[in-house]
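Take a look at the letters that make up each chain.
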Amino acid sequence: MDSNSDNSNFIDKLAFKIDEHLQEIRIGLCTIALVALGYAVKSIKPFTKFSHIQQIPSSFIEKNIKLNGKVVDIISTQPPDTSSPQSTKISILVDHRPIFKAPFSKRSHPLSISLDSVAVTEQGLTTLSEIMLNRHVDFVLLAVDNESKMVSCIVYCQLPQLSLWRRLLSSPSNIAFHLVETGLASVTPSDSKLAVSNTLYRQYYQRLLRYEEEAERNGRGMWRKEEEEEDSKTNALSVWTRLGQWCRSRWKTS
């Protein structure tokens, strides 16, 4: 009985203390909730519209955060390798869409992103415009290139040639995979730092190499053009050879 009464007295005293300081407890809980909300907003940046690489938090790059936006332009930049002038790096200008669009937000410059580890042919650039221009894309952040002021990304977009039902049922396509697989882009040297530290990048780059090997083996796109040029040179040489033989034979008979 004594133990039960002691427990009852303790509970009564605790309830009295809570009632006595109820206002302070409410204020404390509200303060904790506001601090947690502020930290979440600061970390996620749901209202921030990125228009420059310096605005993107380093944590977004490290965690490979996926963003989205609308492509407003696609332009070519300097070729990554002068020995391969037929392909070039490109800049995709994206109107970034934050999670929540702030009312009365000012119009800003588009964010410049690039297809990571990929150089695109002239035909590939045309295909990219058909696929992505004025369309919504998702892009996974991989690395920031301070020299070119672009963000290297894995870019996803719904292919327009798919039927309505297939577009509804299928997920957006990896654009770099699509271009390399069809021979409209080549794989550039890998990023040594990302190859060591980033599992997502390693898997992405390995698949790029497999698609390029397949495209080259099957003579697709840029690989088919090279073979056709070699064939045309061979055919041209054989024509001149035959012409020379015909001239020599005519000269001997005369």
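Residues numbered from 1 in each chain as written. Predicted model: local features only at pLDDT ≥ 70, side-chain atom pairs only at ≥ 80, totals over all residues. Heavy atoms only, no water.

As annotated in an unreviewed UniProt entry, the protein chain carries the name TNase-like domain-containing protein and is attributed to Cacopsylla melanoneura.

## Examining helix H8 (residues 199–217)
Note: α-helices contain 3.6 residues per turn, so residues at a spacing of three or four share the same orientation. Spanning 19 residues, H8 covers 27 Å between terminal C-alpha atoms, matching the ideal 27 Å at 1.5 Å per step. Within the sequence span of H8, burial applies to Tyr201, Tyr204, Tyr205, Leu208, Tyr211, Glu212 and Ala215. One side of H8 carries all its buried residues, which in axial view fall inside an arc of 125 degrees. The residue sitting at the N-terminus of H8 and contributing the capping side-chain oxygen is Asn198; that oxygen lies 3.0 Å from the backbone nitrogen of Leu200. Directly after H8, the chain includes Gly219, whose backbone phi takes a positive value near 65 degrees. (Helix = DSSP H or I, 4+ residues; strand = E, 2+ residues; numbered from the N terminus. Expected span 1.5 Å × (residues − 1). Buried < 20%, exposed > 50% of the residue type's maximum accessible area, 1.4 Å probe, protein only. Arc of directions from axis to C-beta. Polar contact = N/O pair within 3.5 Å; in protein donor to acceptor, adjacent residues only side chain to side chain.)

## A few points about the sheet that holds strand E9 (residues 185–187)
As summarised here, the arrangement of the three strands in space is E2-E5-E9, forming an open sheet in which the pairing is antiparallel. The sheet is open, and its two edges are formed by strand E2 (87–88) and E9, each paired on a single side. Inspection of the sheet shows E2 paired to strand E5 (residues 118–121) by two bridges, in the antiparallel sense. Each bridged residue has a counterpart across the sheet, and for Ser87 the counterpart in E5 is Thr121. Docked against the sheet, H8 engages E5 and E9, running at close to 125 degrees with respect to E9. (Pairing = 2+ DSSP bridges. Contact = heavy atoms within 4.5 Å. Axes fitted to C-alpha atoms, helices over the stretch in contact; angles between N-to-C directions.)

## Comments concerning the pattern of salt bridges
All told, the structure shown has three salt bridges when counted by the stated rule. Between Asp95 and Arg97 there is a salt bridge, with its nearest N and O atoms 3.6 Å apart. Two residues, Glu214 and Arg220, come together in a salt bridge whose shortest N-O distance is 3.3 Å. Residue classification places Arg220 among the partly exposed residues on the basis of a relative accessible area of 26%. Residues participating in the shared-partner salt-bridge network are Lys49, Asp95 and Arg97. (Salt bridge = Lys/Arg side-chain N within 4 Å of Asp/Glu carboxyl O.)

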